[in-house]
Amino acid sequence: MYYSEDKGRSWKYMSSLVTDGGRNFMGDDPVWEPFILYDDVTESLICYYSDERYPQWNQKLVYQVTTDGINWEEAVDVVAWTDSGMRPGMPIVTQMENGYYVMVYEAVGLNHNNPIPCNYKISLYPNDPFHWDASDVGVTYGYGGSPYCLTLNDGHVAMTASGESGVFINTRK
């Protein structure tokens, strides 16, 4: 992780989340697609990412937490399916108006990648971005990969997927 004090003109190294990469079928870079969320309740940075360091999973989604930007806690599973053909990836997280968090991600392998499903799932507790049911596949809302979500000013959640021509917006808040 790097940080900038001059609006991105220069950067300084701060810490590494993962240092035990090792060799895998994708090479020496087994950590992909990070998404950082700040939790103001715990004053923590949460980094969600795709992780393929573990042989019992092809790839899974995990997160790590830091309160000082230097020391990171151990990885916690967010999406970890037992089917070795599954490669969930590209997590994006936003808090909904009711306090729960929603995560969108690519569910690679779920539909034999024809096309790649984009799924969403909801955190287990309100105002808590740390607890997820790692075995929950969630709900497919679109196809094509490259999912994204955000909470709009009116409290609705908008989701996209690269294979879809429209934007998905929830009807209940």
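Please read these numbers as outputs of a predicted model, since none were measured by experiment.

Caption draft 1: Inspection of the overall build of the protein at higher detail. If you tally the helices and strands in the protein, you get 0 helices and 13 strands. Reading the helices (α) and strands (β) of the protein from amino to carboxyl end gives β-β-β-β-β-β-β-β-β-β-β-β-β. With 173 residues in all, the protein has 42% of them scored as buried. When the accessible surface of the protein is split by element, carbon and sulfur atoms take 51% of a total near 9,600 Å². Looking at the protein, you have 10 positive and 23 negative side-chain charges, and the mean spots of the two groups are 4 Å apart.

Caption draft 2: Molecular detail of the sheet that holds strand β11 (residues 148-151). If you trace the 3 strands from one edge of the open sheet to the other, you get β11-β12-β13, paired in antiparallel fashion. The open sheet is flanked by β11 and β13 (168-169), the only strands paired with a single partner. Relative to strand β12 (residues 157-160), β11 is paired through 4 bridges, and the arrangement is antiparallel. For C149, the partnering residue across the bridge sits in β12 and is M159.

Caption draft 3: Representation of the pairing of strand β5 (residues 60-66) in the model. Taking burial as the measure, the 7 residues of β5 include 7 buried ones, the bulk of the element. With burial as the criterion, each face of β5 is covered, one bearing K60, V62, Q64 and T66 and the other bearing L61, Y63 and V65. Inspection of the sheet shows β5 paired to strand β6 (residues 76-79) by 3 bridges, in the antiparallel sense. Residue pairing across strands places L61 opposite V79, the latter belonging to β6.

Caption draft 4: Quick look at the pattern of salt bridges. If you walk through the whole model with that rule in mind, you get 3 salt bridges. Two residues, D77 and K60, come together in a salt bridge whose shortest N-O distance is 2.8 Å. Residue D77 is found in strand β6, and its partner K60 is found in strand β5; the two are separated by 17 residues along the sequence. The exposure class of K60 is buried, given its relative accessible area of 4%.

Caption draft 5: Highlighting the side chain of S50. Tracing the chain through its elements places S50 in strand β4 (residues 44-51). Overall, S50 belongs to the buried group, its relative accessible area being 0%. Among the polar contacts made by the side chain of S50, one reaches the side chain of E33 at a distance of 2.6 Å. In contact with S50, other than residues within four places in its own chain, are P30, V31, W32, E33, Q59, K60, L61, P88, G89, M90 and P91.

Caption draft 6: The arrangement of the environment of G109 in detail. Tracing the sequence through the fold places G109 in the loop between β8 (101-108) and β9 (117-122). Each residue touching G109, except ones within four places of it in the same chain, is listed here: G85 and M86.

Caption draft 7: View of the nonpolar core. The biggest cluster of nonpolar side chains holds 28 residues, and the ones touching the most others in it are Y48, Y63, V78, V93, M103 and W132. Mapped by element, the contributors of at least two residues to this core are β3 (31-39), β4, β5, β6, β7 (87-95), β8 and β12. Ranked by residue count, the leading element in this core is β8, at 6 residues.

Caption draft 8: Layout of the environment of A158. The residue A158 is located in strand β12 in this model. Separated by 122 residues in sequence, A158 and I36 have C-alpha atoms that sit 18 Å apart. Not counting the four nearest positions on each side in its chain, A158 is found in contact with Y148, C149, L150, L152, V167, F168 and I169.

Caption draft 9: How the structure looks around a nonpolar patch on the surface. The grouping of Y148, L150, L152, V167 and I169 at the surface amounts to a nonpolar patch, some 420 Å² of accessible area in total. The exposure class of L152 is partly exposed, given its relative accessible area of 31%.

Procedures and definitions
- Residues numbered from 1 in each chain as written.
- Predicted model: local features only at pLDDT ≥ 70, side-chain atom pairs only at ≥ 80, totals over all residues.
- Heavy atoms only, no water.
- Helix = DSSP H or I, 4+ residues; strand = E, 2+ residues; numbered from the N terminus.
- Buried < 20%, exposed > 50% of the residue type's maximum accessible area, 1.4 Å probe, protein only.
- Areas by Shrake-Rupley, 256 points an atom, 1.4 Å probe, with all protein chains shown as cover.
- Lys, Arg positive; Asp, Glu negative; His and termini not counted.
- Charge placed at Lys NZ, Arg CZ, Asp CG, Glu CD.
- Pairing = 2+ DSSP bridges.
- Salt bridge = Lys/Arg side-chain N within 4 Å of Asp/Glu carboxyl O.
- Polar contact = N/O pair within 3.5 Å; in protein donor to acceptor, adjacent residues only side chain to side chain.
- Contact = heavy atoms within 4.5 Å.
- Core = buried A, V, L, I, M, F, W, Y, C linked by side-chain atoms within 4.5 Å.
- Patch = residues over 30% accessible without salt bridge, like charges linked within 9 Å, V, L, I, M, F, W, Y side chains within 5 Å.

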